[in-house]
Each structure stands twice: as C-alpha cells, then as structure tokens.
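A look at the structure
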Amino acid sequence: HRHLTGIEGLQPHEISFLLDEAEGWIAANRDRAAPDKRLAGLTQINAFFENSTRTLLSFEIAGKRLGADVVNMHAAQSSVKKGETLIDTAMTLNAMRADVLVIRHMSSGAVRLIADKVDCPVLNAGDGRHEHPTQALLDALTIRRRRGTIHNQRVVICGDVLHSRVARSNILALTALAAEVRVCAPSTLMPPAIDRMGVTPFADFDAALEGADVVMMLRLQTERMSGGYVPSSREYRLRYGLTPERLARAKPDALVMHPGPMNRGVEIDSSVADHPERSAITEQVEMGVAVRMACLDVLTRRARGVEGWA
Ligand code: CP
C-alpha cells in the first residue's frame, strides 16, 4: 500500500502489523531519552480542510518526534477561501515536494482523489462520512492493550453511526480482527445497509449493552445533519446517553471509549467519561500519537530506501 486512505482493503495481518509497530512507539513516547529521528529531512504537510484538535496535533507531534519537518495548512487561512479547487490545492502541495501528506476533508472520497494526483504517500485524517483509519487503529490498540485481545470482544458502538467515519473505520477494523460488533443508534441515525457490514444493529441501547466488553460512544454530528431529524439533547440522553446506570448492564470491567470531541451530558455523562478505571478516553489520545508515528514511519519507508510495506 502506498497510501492509508482507509481500513477497507487492509488485511487483518496488515492491521495487526500497524498495531504492533505502534506498540513499539508507546515506550519511546513515555521515555524520550534517545529520540529516534528516522524521518529527518522529510517534509510532512498536514492539510486540514475541517476542524481538528486531536488528529491534527497528534500527527504534528508524531512527525516532529520522528524528526520530520512538519508544516500545517489550515484551510480557513488558505487560498481554498479564495475558491481554489481541491485538485489545484493538491497539485500545489505536490509541487512543493512534500514527502508525506496528511489530509482531513469534509467530503467523503476527497482524500482518495488527492492520493491519486500526488507523488507521495497520503494518510487519511478523516474524510466526510467515509473513513478515519488512524482513529480505528488507535481504538483497536487501546482495546488490545486494555482487554488483552480484540478477538471475540463484544464491542458496542453507540450514537450517530450514520454520519460517523469513526464508526465505519472501527467496524471494518474490529470485524477484521474478529470482534463481535454491535451498533446502536436511533433508526434515523443508522446506515440502511449496516447488517451487510458484519455487525448486529440495535435500536435499544439497554439491550445492546448486555455483556459488553467495550462501549464506544459517538457524538451527534449535527454539522452533517443537513435537513434531517436532529434529536434534542435531553431526549437523546434519555435513550442513548451512557449513564452510570446504563453502564451497569455491561460487564463489570467493561471499557468506556469515545473518540472525542465529547458532548458531556448528551451521549456520555461526566462521571462515566472521567471514571478512573473504566474510561480509556485519555489513553486513546496517547495511543493516537503512537499509531500516527507508526503510520508515518511505515508509509515513508519506501521513500527512505527501507523495505516497504505489504
Ligand atoms: N477524534 C478526532 O478525530 O478528533 P478531532 O476531530 O479533534 O481530530
């Protein structure tokens, strides 16, 4: 693979390989005594056409820890605002001889479009409702470390599945690694062909939670709900909010996850999100840096004359 545009198309052993590579960076991040600058001399451009806190910063930190020259392009301050097209923007970045591009865009498929036009590896940092592959990898790594395995883990993904690239990439990664995936959403926020993805759909959150090993909560993506039904925060929390009472239906040691940003008091109560033993939300962020270091390293290997990937 030259690019990482999605989890789709990756074999289970390739996903596990990326997780193993990321595992190696966790200790390096905690103890930065002898930094490994293997990306020194390479230019990494992070082109973000949509807002981000975690993904942008962790890609920037990941690149810098590996010694790359990292440049961020924020669409709001770029010539995109003057009407420049996506392709022209991509060709401009390509002409600057970037060695790796990290792209976030509000349109599904935009990252693939750019990947087909440029000479360097492209990493998808989230494209519309399509995929967010590094998020799924960091989630899988968090589950593997905290639960010991992904195989046969009952993972409940609850919330706005329809608009969620995080849900889509997680479903692809977790089913590939043989987890039992349940998805739960109001009917208006459930993708129509969800049962073709090898998951079990639920409308009743209480039923979905029975025996869960992992509960992954999603935000209502109101910015993507053009004209559709938007539930009120109060009614949404009543049926789909993760409260301490609801969490009691899952296994006693079930893990609570959220990709962020959270809407506290809507899809998740603060006492659950901040639970010292059950919540893995800050660990997910830590895993994000390690996973992005692994992806940047692996995808630039060919350019660095190191044996390539898969
Ligand atoms: N989880 C995630 O993608 O967060 P950001 O939108 O802050 O990058």
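Predicted model, so just to flag it, every value in this text is computed and none were measured. (Residues numbered from 1 in each chain as written. Predicted model: local features only at pLDDT ≥ 70, side-chain atom pairs only at ≥ 80, totals over all residues. Heavy atoms only, no water.)

To continue, consider the layout of surface pockets. Considering only enclosed or pocket space, the largest pocket measures out at about 390 Å³ in volume. Looking at the largest pocket, it is lined by 21 residues, and the ones nearest its centre are Arg104, Arg165, Arg219, Gly260 and Pro261. Of all the elements in the fold, those that place two or more residues in the lining of the largest pocket are α2 (54–65) and α6 (165–176). In terms of residue class, the lining of the largest pocket is built from four nonpolar, ten polar and seven charged. (1 Å grid on protein atoms, 1.4 Å probe; cavity = no way out; pocket = protein on both sides within 12 Å on 5 of 7 lines; lining within 4 Å. Points joined across faces, edges and corners; volume = space filled by probe spheres on them. Helix = DSSP H or I, 4+ residues; strand = E, 2+ residues; numbered from the N terminus. Nonpolar A, V, L, I, M, F, W, Y, C, P; charged D, E, K, R; others polar.)

Taking 1.5 Å of rise per residue, the twelve residues of α6 would be expected to cover 16 Å, and the 17 Å separating its terminal C-alpha atoms lies within 8% of that figure. All buried positions along α6 are accounted for by Arg165, Val166, Ala167, Ser169, Asn170, Ile171, Ala173 and Leu174. Measuring from the backbone nitrogen of Val166 back to the side-chain oxygen at the start of α6 gives 3.3 Å, which picks out Ser164 as the cap. Phi for Ala178, located one or two positions after α6, is positive at around 70°. (Expected span 1.5 Å × (residues − 1). Buried < 20%, exposed > 50% of the residue type's maximum accessible area, 1.4 Å probe, protein only. Polar contact = N/O pair within 3.5 Å; in protein donor to acceptor, adjacent residues only side chain to side chain.)

What follows covers the site of the ligand. Taken together, Ser52, Thr53, Arg54, Thr55, Arg104, His132, Gln135, Pro259 and Gly260 make up the full set of residues near the ligand. Within the side chain of Ser52, a nitrogen or oxygen atom sits 2.6 Å from an oxygen atom of the ligand. The backbone of Thr53 places a nitrogen or oxygen atom 2.8 Å from an oxygen atom of the ligand. With the chains in place, 91% of the 260 Å² that the ligand exposes on its own is no longer accessible. (Near = heavy atom within 4 Å. Areas by Shrake-Rupley, 256 points an atom, 1.4 Å probe, with all protein chains shown as cover.)

A separate point is the UniProt feature "binding site: carbamoyl phosphate" (unreviewed entry) in the chain. The UniProt record annotates "binding site: carbamoyl phosphate" (unreviewed entry) at Arg54, Thr55, Arg104, His132, Gln135, Gly260 and Pro261. The annotated residues named above include Arg54 and Gln135 as those lining the largest cavity. Apart from the residues lying within four places of it in its own chain, the contact partners of Arg104 are Ala47, Phe48, Phe49, Glu50, Asn51, Ser52, Thr55, Ala125, Gly126, His132 and Arg165. (UniProt positions renumbered as here; feature names shortened; annotations may be inferred. Contact = heavy atoms within 4.5 Å.)

This brings us to the nonpolar core. Residues Phe205 and Leu242 are the most contacted members of the largest nonpolar core, which totals 87 residues. With eleven residues, the top contributor of residues to this core is helix α11 (residues 281–299). Other than its neighbours up to four places away in sequence, Leu242 contacts Phe205, Leu209, Val215, Met217, Leu247, Val256, Glu267, Ile268, Asp269 and Val272. Residues Leu93, Ala115, Cys120 and Val122 belong to the second largest nonpolar core, which totals 18 residues. (Core = buried A, V, L, I, M, F, W, Y, C linked by side-chain atoms within 4.5 Å.)

Moving on to the pairing of strand β1 (residues 43–48). Burial runs high along β1: five of the six residues are buried. As defined by bridge partners, β1 adjoins strand β2 (residues 69–74) across six bridges and the pair is classed as parallel. Looking at the pairing, Ile45 lines up with Val71 of β2. Once the chain exits β1 it traverses α2 before rejoining the sheet at β2, and the crossover so formed is right-handed. Of the strand pairs in this sheet, β1 and strand β3 (residues 100–105) are connected by five bridges, and their pairing is parallel. Within the sheet, the bridge partner assigned to Ile45 lies in β3 and is Leu101. (Pairing = 2+ DSSP bridges. Right-handed = clockwise from strand over helix to strand, strands pointing away.)

This part covers empty space enclosed by the protein. One pass over the structure, following the stated rule, counts one cavity of 30 Å³ or more. The volume enclosed by the largest cavity comes to roughly 70 Å³. Together, Arg54, Ser58, Gln135, Leu138, His258, Pro259, Ile281, Gln284, Val285, Gly288 and Arg292 line the largest cavity. Among the elements of the structure, α2, α5 (133–147) and α11 are those that each provide at least two residues to the lining of the largest cavity. A total of five residues in the lining of the largest cavity trace back to one element, the largest contributor, which is α11.

A few words now on the pattern of salt bridges. Per the stated rule, a full pass over the model turns up 24 salt bridges. With a closest N to O distance of 3.5 Å, Asp253 and Arg147 form a salt bridge. Note that Asp253 is positioned in the loop between α9 (244–247) and β9 (255–257) and Arg147 in helix α5, a separation of 106 residues in sequence. For Glu180, the salt bridge identified is with Arg182, shortest N-O distance 3.3 Å. Through salt bridges that share partners, Glu21, Asp36, Arg38, Asp297, Arg301 and Arg304 make up one connected network. (Salt bridge = Lys/Arg side-chain N within 4 Å of Asp/Glu carboxyl O.)

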